[in-house]
Amino acid sequence: MIIRECVYEVAQSNQGEVLIAECTASRKVVAIYFVDDDLNLLIEDLNGAYPTVKFVPGTPTQTSIILRAINELDCTIKINMVHKSDTTFGMQVYTAIMNIPKGQTRSYSDIAREIGNPSATRAVAGACARNNLAYIVPCHRVIGTNGNMSGYRWGIAKKRALLQAEGAELRFSAM
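These figures come from a predicted structure and were not determined experimentally.

### Comments concerning the overall build of the protein chain
The helix and strand inventory of the protein chain stands at six helices and six strands. In terms of overall dimensions, the protein chain is globule-like: its C-alpha atoms have a radius of gyration of 16 Å, near the 16 Å expected for 175 residues. Viewed in the frame of its principal axes, the protein chain has a C-alpha envelope of about 45 × 35 × 30 Å. Classification of the 175 residues of the protein chain by burial places 49% in the buried group.

Here you go:
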(Lines give C-alpha, C1' and ligand atoms only; values in the text may rest on other atoms or scores of the structure.)
Protein backbone atom coordinates (compact mmCIF):
# COMPACT_ATOMS: atom_id res chain seq x y z
CA MET A 1 0.00 0.00 0.00
CA ILE A 2 1.39 3.38 -0.98
CA ILE A 3 0.39 6.21 1.30
CA ARG A 4 0.57 9.64 -0.30
CA GLU A 5 -1.52 11.87 1.97
CA CYS A 6 -2.83 11.67 5.52
CA VAL A 7 -5.10 13.91 7.53
CA TYR A 8 -4.44 14.46 11.20
CA GLU A 9 -6.10 16.09 14.16
CA VAL A 10 -5.57 16.44 17.87
CA ALA A 11 -8.52 15.22 19.93
CA GLN A 12 -9.23 15.14 23.66
CA SER A 13 -9.56 11.75 25.40
CA ASN A 14 -9.95 10.75 29.04
CA GLN A 15 -6.21 10.05 28.97
CA GLY A 16 -5.24 13.43 27.56
CA GLU A 17 -4.82 14.75 24.06
CA VAL A 18 -4.09 12.35 21.21
CA LEU A 19 -2.88 13.03 17.70
CA ILE A 20 -4.62 10.79 15.16
CA ALA A 21 -3.37 10.50 11.57
CA GLU A 22 -5.19 8.59 8.85
CA CYS A 23 -4.43 7.84 5.19
CA THR A 24 -6.95 9.69 3.02
CA ALA A 25 -7.08 6.95 0.34
CA SER A 26 -7.34 3.78 2.45
CA ARG A 27 -8.77 5.39 5.59
CA LYS A 28 -6.30 3.37 7.66
CA VAL A 29 -4.93 4.97 10.81
CA VAL A 30 -1.16 5.33 10.59
CA ALA A 31 -0.54 7.02 13.94
CA ILE A 32 -2.09 7.51 17.35
CA TYR A 33 0.24 9.51 19.57
CA PHE A 34 -0.30 10.84 23.06
CA VAL A 35 0.41 14.57 22.92
CA ASP A 36 2.79 15.68 25.62
CA ASP A 37 4.15 19.20 25.33
CA ASP A 38 5.17 19.85 21.75
CA LEU A 39 2.82 19.05 18.90
CA ASN A 40 5.42 20.24 16.39
CA LEU A 41 7.80 17.49 17.52
CA LEU A 42 5.09 14.90 16.97
CA ILE A 43 4.44 16.23 13.48
CA GLU A 44 8.19 16.05 12.82
CA ASP A 45 8.12 12.45 14.08
CA LEU A 46 5.29 11.65 11.65
CA ASN A 47 7.21 13.22 8.78
CA GLY A 48 10.31 11.26 9.75
CA ALA A 49 8.39 7.99 9.99
CA TYR A 50 6.63 8.58 6.67
CA PRO A 51 8.96 10.88 4.68
CA THR A 52 7.05 10.55 1.39
CA VAL A 53 3.64 11.29 2.92
CA LYS A 54 2.03 14.73 3.05
CA PHE A 55 0.31 15.33 6.43
CA VAL A 56 -2.46 17.92 6.42
CA PRO A 57 -4.84 19.04 9.16
CA GLY A 58 -8.24 17.42 8.79
CA THR A 59 -10.65 15.01 10.40
CA PRO A 60 -9.78 11.30 10.32
CA THR A 61 -12.87 9.15 9.82
CA GLN A 62 -12.01 6.92 12.81
CA THR A 63 -11.47 9.61 15.43
CA SER A 64 -14.66 8.80 17.37
CA ILE A 65 -13.89 5.06 17.38
CA ILE A 66 -10.34 5.67 18.62
CA LEU A 67 -11.54 8.04 21.33
CA ARG A 68 -14.12 5.47 22.41
CA ALA A 69 -11.40 2.80 22.65
CA ILE A 70 -9.18 5.06 24.76
CA ASN A 71 -12.00 6.49 26.89
CA GLU A 72 -13.44 3.03 27.60
CA LEU A 73 -9.94 1.54 28.03
CA ASP A 74 -10.81 -1.05 25.39
CA CYS A 75 -8.06 -1.70 22.87
CA THR A 76 -10.06 -4.61 21.42
CA ILE A 77 -12.32 -2.19 19.54
CA LYS A 78 -11.70 -2.75 15.83
CA ILE A 79 -9.61 0.00 14.23
CA ASN A 80 -8.64 -0.04 10.54
CA MET A 81 -4.92 0.62 10.98
CA VAL A 82 -1.39 0.25 9.63
CA HIS A 83 1.43 -0.85 11.93
CA LYS A 84 4.66 1.02 11.34
CA SER A 85 6.54 -2.26 11.61
CA ASP A 86 6.40 -4.26 8.44
CA THR A 87 8.71 -7.01 9.69
CA THR A 88 7.49 -10.45 10.72
CA PHE A 89 9.22 -9.99 14.09
CA GLY A 90 7.56 -6.63 14.77
CA MET A 91 4.14 -7.98 13.87
CA GLN A 92 4.69 -10.99 16.15
CA VAL A 93 5.57 -8.63 19.00
CA TYR A 94 2.50 -6.42 18.40
CA THR A 95 0.20 -9.44 18.12
CA ALA A 96 1.51 -10.85 21.41
CA ILE A 97 1.11 -7.47 23.12
CA MET A 98 -2.43 -7.06 21.82
CA ASN A 99 -3.28 -10.37 23.52
CA ILE A 100 -2.31 -9.12 27.01
CA PRO A 101 -5.60 -8.69 28.89
CA LYS A 102 -6.52 -5.28 30.26
CA GLY A 103 -5.22 -4.83 33.80
CA GLN A 104 -2.39 -7.32 33.33
CA THR A 105 1.27 -6.89 32.42
CA ARG A 106 3.98 -8.99 30.81
CA SER A 107 7.72 -8.49 30.76
CA TYR A 108 9.73 -7.87 27.62
CA SER A 109 11.31 -11.30 28.12
CA ASP A 110 7.84 -12.88 28.47
CA ILE A 111 6.93 -11.48 25.05
CA ALA A 112 10.24 -12.67 23.56
CA ARG A 113 9.60 -16.20 24.86
CA GLU A 114 5.98 -16.12 23.69
CA ILE A 115 6.99 -15.36 20.11
CA GLY A 116 9.60 -18.13 20.18
CA ASN A 117 12.68 -15.92 20.36
CA PRO A 118 13.74 -15.89 24.04
CA SER A 119 16.99 -14.02 23.41
CA ALA A 120 15.19 -11.08 21.74
CA THR A 121 14.26 -9.12 24.87
CA ARG A 122 15.96 -5.92 23.69
CA ALA A 123 14.44 -6.27 20.23
CA VAL A 124 10.98 -6.56 21.83
CA ALA A 125 11.69 -3.34 23.73
CA GLY A 126 12.77 -1.72 20.46
CA ALA A 127 9.54 -2.77 18.75
CA CYS A 128 7.58 -1.26 21.65
CA ALA A 129 9.53 1.98 21.29
CA ARG A 130 8.54 2.17 17.61
CA ASN A 131 4.84 1.51 18.26
CA ASN A 132 2.88 4.08 16.26
CA LEU A 133 -0.54 3.18 17.66
CA ALA A 134 -0.66 4.38 21.27
CA TYR A 135 -3.05 2.47 23.51
CA ILE A 136 -4.49 0.42 20.61
CA VAL A 137 -1.27 -1.62 20.62
CA PRO A 138 -0.96 -1.62 24.43
CA CYS A 139 2.81 -1.46 24.86
CA HIS A 140 2.14 0.21 28.22
CA ARG A 141 1.33 -3.31 29.48
CA VAL A 142 4.93 -4.44 28.94
CA ILE A 143 7.23 -3.86 31.90
CA GLY A 144 10.68 -4.87 33.08
CA THR A 145 11.34 -8.41 34.29
CA ASN A 146 11.82 -7.11 37.84
CA GLY A 147 8.36 -5.52 37.77
CA ASN A 148 9.61 -1.97 37.36
CA MET A 149 8.29 0.21 34.62
CA SER A 150 10.94 0.88 32.05
CA GLY A 151 10.79 3.14 29.04
CA TYR A 152 7.57 4.10 27.33
CA ARG A 153 7.41 6.21 24.20
CA TRP A 154 5.04 8.67 25.89
CA GLY A 155 6.74 8.64 29.29
CA ILE A 156 6.66 6.56 32.45
CA ALA A 157 3.99 8.79 34.04
CA LYS A 158 1.62 8.07 31.12
CA LYS A 159 2.43 4.35 31.32
CA ARG A 160 1.68 4.31 35.05
CA ALA A 161 -1.55 6.29 34.56
CA LEU A 162 -2.79 3.91 31.86
CA LEU A 163 -1.99 0.82 33.93
CA GLN A 164 -3.67 2.30 36.99
CA ALA A 165 -6.74 3.27 34.94
CA GLU A 166 -6.94 -0.33 33.72
CA GLY A 167 -6.73 -1.62 37.30
CA ALA A 168 -3.32 -3.26 37.01
CA GLU A 169 -1.73 -4.18 40.30
CA LEU A 170 1.59 -2.34 40.45
CA ARG A 171 3.73 -3.86 43.16
CA PHE A 172 7.09 -2.38 42.40
CA SER A 173 8.25 1.20 42.35
CA ALA A 174 8.64 2.85 38.98
CA MET A 175 11.90 4.52 38.17
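Following the structure, the description resumes.
### Some points on the nonpolar core
In this structure, Leu19, Val30, Phe55 and Ile97 are the most contacted members of the largest nonpolar core, which totals 55 residues. Listed by contribution, the elements that provide at least two residues to this core are β1 (5-13), β2 (16-23), β3 (29-34), α1 (39-49), α2 (63-71), α3 (88-98), α4 (108-114) and α5 (121-129). In contact with Phe55, not counting residues within four places along its chain, are Cys6, Tyr8, Ala21, Val30, Leu46, Asn47 and Tyr50.

### Looking at the domain arrangement of the protein chain
Splitting the protein chain by domain gives domain 1 (4-72) and domain 2 (88-166). On a C-alpha basis, the centres of domain 1 and domain 2 stand 21 Å from each other. With 13 residues of domain 1 in contact, the opposing surface of domain 2 contributes 12 residues. Here domain 1 and domain 2 share an interface that buries about 1,100 Å² over both sides, 59% of which is from carbon and sulfur atoms. Looking at the side of domain 1 facing domain 2, the largest losses of area belong to Gln15, Ile32 and Phe34, adding up to 55% of the total buried there. Between Asp45 and Arg153 there is a salt bridge whose closest N-O contact spans 2.6 Å. Our count for the contact surface shared by domain 1 and domain 2 stands at eight residue pairs in polar contact (both at pLDDT 80 or more). For the side of domain 1 that touches domain 2, the secondary structure elements donating two or more residues are β3 and α2.

### Considerations on a negative patch on the surface
Together, Asp36, Asp37, Asp38 and Glu44 line one region of the surface with negative charge. Tracing the backbone through its elements, the reader meets Asp36 in the loop between β3 and α1.

### As for the packing of α3 against α5
Where α3 meets α5, the closest approach of the two axes is 10 Å, and the angle between their N-to-C directions is 80°. If you check the angle between α3 and α5, you find them roughly perpendicular. When α3 is examined against α5, the residues Phe89, Val93, Tyr94 and Ile97 are found in contact with a partner set consisting of Ala123, Val124, Ala127 and Cys128. Of the residues in the contact of α3 with α5, the class split is eight nonpolar, no polar and no charged.

Quick notes on the rules
Residues numbered from 1 in each chain as written. Predicted model: local features only at pLDDT ≥ 70, side-chain atom pairs only at ≥ 80, totals over all residues. Heavy atoms only, no water. Helix = DSSP H or I, 4+ residues; strand = E, 2+ residues; numbered from the N terminus. Rg over C-alpha atoms; globule rule 2.2 N^0.38 Å. Buried < 20%, exposed > 50% of the residue type's maximum accessible area, 1.4 Å probe, protein only. Core = buried A, V, L, I, M, F, W, Y, C linked by side-chain atoms within 4.5 Å. Contact = heavy atoms within 4.5 Å. Domains from an automatic or database assignment. Buried area = accessible area lost by both parts, 1.4 Å probe. Salt bridge = Lys/Arg side-chain N within 4 Å of Asp/Glu carboxyl O. Polar contact = N/O pair within 3.5 Å; in protein donor to acceptor, adjacent residues only side chain to side chain. Patch = residues over 30% accessible without salt bridge, like charges linked within 9 Å, V, L, I, M, F, W, Y side chains within 5 Å. Areas by Shrake-Rupley, 256 points an atom, 1.4 Å probe, with all protein chains shown as cover. Lys, Arg positive; Asp, Glu negative; His and termini not counted. Charge placed at Lys NZ, Arg CZ, Asp CG, Glu CD. Axes fitted to C-alpha atoms, helices over the stretch in contact; angles between N-to-C directions. Parallel < 35°, antiparallel > 145°, perpendicular 65-115°, else oblique. Nonpolar A, V, L, I, M, F, W, Y, C, P; charged D, E, K, R; others polar.

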